[in-house]
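Here's the letter readout for the chains.
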Amino acid sequence: MEKKAFVTREQIEEIVKTYPTPFHIYDEKGIRANARAVKEAFSWNAGFKEYFAVKATPNPFLIDILREYGCGCDCSSMTELMLSHAMGMAGEDIMFSSNDTPAEEFAYAHKIGATINLDDFTHIDFLEKTIGTLPETISCRYNPGGVFKISNNIMDNPGDAKYGFTTEQLFEGFRILKEKGVKNFGIHAFLASNTVTNEYYPTLAKTLFETAVQLRDETGAHIRFINLSGGIGVPYRPEQEANDIAQIGDQVRRVYEEVLVSAGMGDVAIYTELGRFMMAPYGHLITKAIHEKHTHKEYIGVDACAVNLMRPAMYGAYHHITVLGKENEPCDHKYDVTGSLCENNDKFAIDRMLPAIDKGDYLAIHDTGAHGFSMGYNYNGKLKSAELLLREDGTVQLIRRAETPGDYFATFDCFDIYHKLVRT
Ligand SMILES: *Cc1c(COP(=O)(O)O)cnc(C)c1O
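None of these values were measured; they are calculated from a predicted model.

## Focus on the overall build of the protein chain
Each helix and strand in the protein chain was counted, giving 13 helices and 19 strands. A globule of 424 residues ought to have a C-alpha radius of gyration of about 22 Å, and the protein chain, at 23 Å, matches this closely. Across its three principal axes, the protein chain shows a C-alpha extent of roughly 70 × 55 × 45 Å. Looking at the protein chain as a whole, 52% of its 424 residues are labelled buried. Here the analysis covers contacts within the protein chain between residues at least 6 apart in sequence; of these, 69% occur between residues at least 24 apart. Total accessible area on the protein chain stands at roughly 18800 Å², and carbon and sulfur atoms take up 49% of it.

Shown next as structure tokens:
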């Protein structure tokens with residue numbers, strides 16, 4: 001897939017007059033078109049709902065856009081629950097898919113009426129003790145173990161993942177929950193991450209749908225929804241082909257009819273918890289080349305670092321780079337594009353062929369709309385950037401200001417040194 005930036009050099013030169021680099025910028029138009037396509041792809045299912053994985057991009061302005069397309073929030077922590085609730089979401093709008101969950105998070109999730117998705121068999125007891133009862137509707141996360149294959153390709157390794165109930169625990173868990181008065185059940189699984197194949201959801205759906213029929217038959221549980229969770233990927237590399245969400249939706253429909261409808265379970269709602277697919281392609285990290293260094297290799301030093309985008313340092317992930325204004329120039333220079341952290345893995349690209357870069361050039365680092373800003377940290381005392389929204393009408397809206405030293409030092413606010421820090 002050809003990778004084109006959604007902003008031009010001219011636009012960025014205008015924006016930096018108000019908001020200096022580095023910053024993340026999001027493309028409203030792209031977000032909307034994609035959210036519409038997801039909604040459409042599953043419109044055959046009356047109860048369909050996408051719960052946006054808040055951890056991917058925890059920004060209320062962006063989540064508000066998704067809400068117009070019927071999306072709720074999938075939360076994994078207290079602050080994500082708080083954010084969703086503050087946005088006016090409650091009850092059916094919030095899925096709480098956490099793991100290793102602290103008691104107070106279960107208590108808060110229950111208080112705001114979120115649907116709780118249990119990660120472990122022992123959490124049945126833990127939840128009951130924590131909230132004094134069990135909710136009417138509950139979901140369990142399933143991990144069948146082994147490796148997850150599509151045809152003969154190993155996609156991921158659930159047997160090595162910390163998440164979910166085993167098959168035995170799932171059946172036993174449903175029996176116990178039913179005995180304790182739970183009325184409606186959900187099943188959830190997340191078995192492979194960032195899949196760039198249309199077959200992931202349909203393959204996963206088949207496993208979950210067949211399991212659901214068995215669970216109903218053996219435990220009598222009323223299964224109200226099946227949550228296919230996240231895992232639909234995006235083509236980070238230009239040679240990859242994008243997933244076709246319409247085709248994915250249609251293939252899930254076929255499996256649904258084949259397995260669920262024929263078992264008399266045609267009222268089961270399909271839920272998703274997509275993060276990356278909803279947002280990743282619609283974000284760029286914009287950064288300026290501030291240094292060039294010629295030693296054993298050719299380096300371009302930029303004003304962003306792994307604090308703004310951790311995936312390359314953390315996973316060796318590829319993020320495409322466009323040198324704005326040089327889209328049509330030959331990629332005949334080999335560079336390492338680096339940030340300023342005292343870590344040699346703080347590189348956005350290694351041995352990347354790019355056009356000749358001059359100091360002052362702006363680079364658009366692609367596909368940072370999910371697991372980008374949110375994964376950042378504060379190593380080396382570096383501050384997190386602003387987030388901007390490129391509106392459909394071409395205007396730019398600040399949707400999170402950049403961190404200041406005052407934010408960074410705020411947790412010293414009960415100590416004397418704080419006053420010196422914020423005064424200087
Ligand atoms: C991370 C996560 C998601 C979103 O995953 P993507 O790869 O961004 O689609 C959904 N559900 C759960 C439980 C997660 O942990």
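## Some remarks on the pairing of strand β5 (residues 115-118)
Because side chains alternate across β5, one face comprises the buried residues Thr115 and Asn117, and the other comprises Ile116 and Leu118, equally buried. For strand β4 (residues 94-97) and β5, the ladder comprises three bridges, and the chain directions are parallel. Bridge pairing in β5 places Met95 opposite Thr115. Since β4 and β5 lie parallel, the crossover through helix α5 (residues 103-111) that links them has a hand, and here it is right-handed. When β5 meets strand β6 (residues 137-141), the two strands line up parallel, connected through three bridges. The residue bridging Leu118 from the neighbouring strand is Cys140, located in β6. Traced from β5 through helix α6 (residues 122-131) to β6, the parallel crossover comes out right-handed.

## What about helix α9 (residues 245-260)?
Side chains that are three or four residues apart share a direction in an α-helix, a result of its 3.6 residues per turn. In this model, α9 (16 residues) spans 21 Å end to end at C-alpha, consistent with the 22 Å of a helix rising 1.5 Å per residue. Inspection of α9 places Ile245, Ile248, Gly249, Val252, Val255, Tyr256, Val259 and Leu260 among the buried residues, and these make up the whole buried set. The buried side chains of α9 occupy one side of the element, clustering within an arc of 125 degrees when seen end-on. Put simply, Asp244 is the residue that caps the front of α9, since its side-chain oxygen is 3.1 Å from the backbone nitrogen of Ala246.

## Focus on the domain arrangement of the protein chain
The domains assigned to the protein chain are domain 1 (28-280) and domain 2 (283-412). Listed as interface residues are 19 residues of domain 1 and, on the opposing side, 20 residues of domain 2. Where domain 1 abuts domain 2, roughly 1800 Å² becomes buried across the two surfaces, and 52% of that area is made up of carbon and sulfur atoms. The largest per-residue losses of area from domain 1 upon contact with domain 2 belong to Glu28, Tyr236 and Ala280, which jointly make up 34% of the total buried on that side. For the pair domain 1 and domain 2, the interface holds two salt bridges. Counting the contacts that link domain 1 with domain 2 gives 13 residue pairs in polar contact (both at pLDDT 80 or more). Elements with a minimum of two residues in the side of domain 1 that touches domain 2: α2 (28-41), α3 (60-67) and α10 (276-279). Along the lines of polarity and charge, the residues of the side of domain 1 that touches domain 2 split into ten nonpolar, three polar and six charged.

## Topic: the packing of aromatic side chains
For any pair of aromatic rings, the description rests on two quantities: the centre-to-centre distance and the angle between the ring planes. If you walk through the whole model with that rule in mind, you get 16 aromatic pairs. Between the aromatic rings of Trp44 and Tyr256, the centroid separation amounts to 5.1 Å while the plane-to-plane angle is 65 degrees, which identifies the pairing as edge-to-face. Here the residue Trp44 occupies a position in the loop between α2 and β2 (49-53), and Tyr256 occupies one in helix α9, the gap between them amounting to 212 residues. With relative accessibility at 26%, the residue Trp44 sits in the partly exposed group.

## What to know about α3
Those residues of α3 not exposed but buried are Leu62, Ile63, Ile65 and Leu66. In a view along the axis of α3, the buried residues occupy a sector of 150 degrees, so they form one face of it. One side-chain oxygen at the N-terminal end of α3 lies 2.9 Å from the backbone nitrogen of Phe61; it belongs to Asn59.

## Section: the pairing of strand β12 (residues 283-294)
The sheet contact formed by strand β1 (residues 23-27) and β12 spans four bridges and is antiparallel. By the bridge assignment for β12, Tyr26 is matched with Gly283. The sheet contact formed by β12 and strand β17 (residues 362-365) spans four bridges and is antiparallel. In the sheet register, Ile286 faces β17, and the bridge partner there is Ala364. Sheet analysis places β12 next to strand β13 (residues 298-302), joined by five bridges and oriented antiparallel. Within β13, the residue paired with Glu292 across the bridge is Ile300. Counted along the chain from β12 to the antiparallel partner β13, the turn is three residues long.

## Regarding unusual backbone geometry
Residues Thr21 and Pro22 are joined by a peptide bond in cis, for which omega reads 0 degrees. The topology assignment puts Pro22 in the loop between α1 (9-15) and β1. Positioned with a positive phi, Asp100 is a non-glycine residue whose angle comes to about 50 degrees. Residue Asp100 is classed as exposed on the basis of its relative accessible area, which comes to 67%. For Asp351, which is not a glycine, the phi torsion comes out positive at approximately 50 degrees. Counting through the fold element by element, Asp351 comes out in strand β16 (residues 347-354).

Calculation criteria
- Residues numbered from 1 in each chain as written.
- Predicted model: local features only at pLDDT ≥ 70, side-chain atom pairs only at ≥ 80, totals over all residues.
- Heavy atoms only, no water.
- Helix = DSSP H or I, 4+ residues; strand = E, 2+ residues; numbered from the N terminus.
- Rg over C-alpha atoms; globule rule 2.2 N^0.38 Å.
- Buried < 20%, exposed > 50% of the residue type's maximum accessible area, 1.4 Å probe, protein only.
- Contact = heavy atoms within 4.5 Å.
- Areas by Shrake-Rupley, 256 points an atom, 1.4 Å probe, with all protein chains shown as cover.
- Pairing = 2+ DSSP bridges.
- Right-handed = clockwise from strand over helix to strand, strands pointing away.
- Expected span 1.5 Å × (residues − 1).
- Arc of directions from axis to C-beta.
- Polar contact = N/O pair within 3.5 Å; in protein donor to acceptor, adjacent residues only side chain to side chain.
- Domains from an automatic or database assignment.
- Buried area = accessible area lost by both parts, 1.4 Å probe.
- Salt bridge = Lys/Arg side-chain N within 4 Å of Asp/Glu carboxyl O.
- Nonpolar A, V, L, I, M, F, W, Y, C, P; charged D, E, K, R; others polar.
- Phe/Tyr/Trp six-rings, centres within 6.5 Å; stacked < 30°, edge-to-face > 60°.

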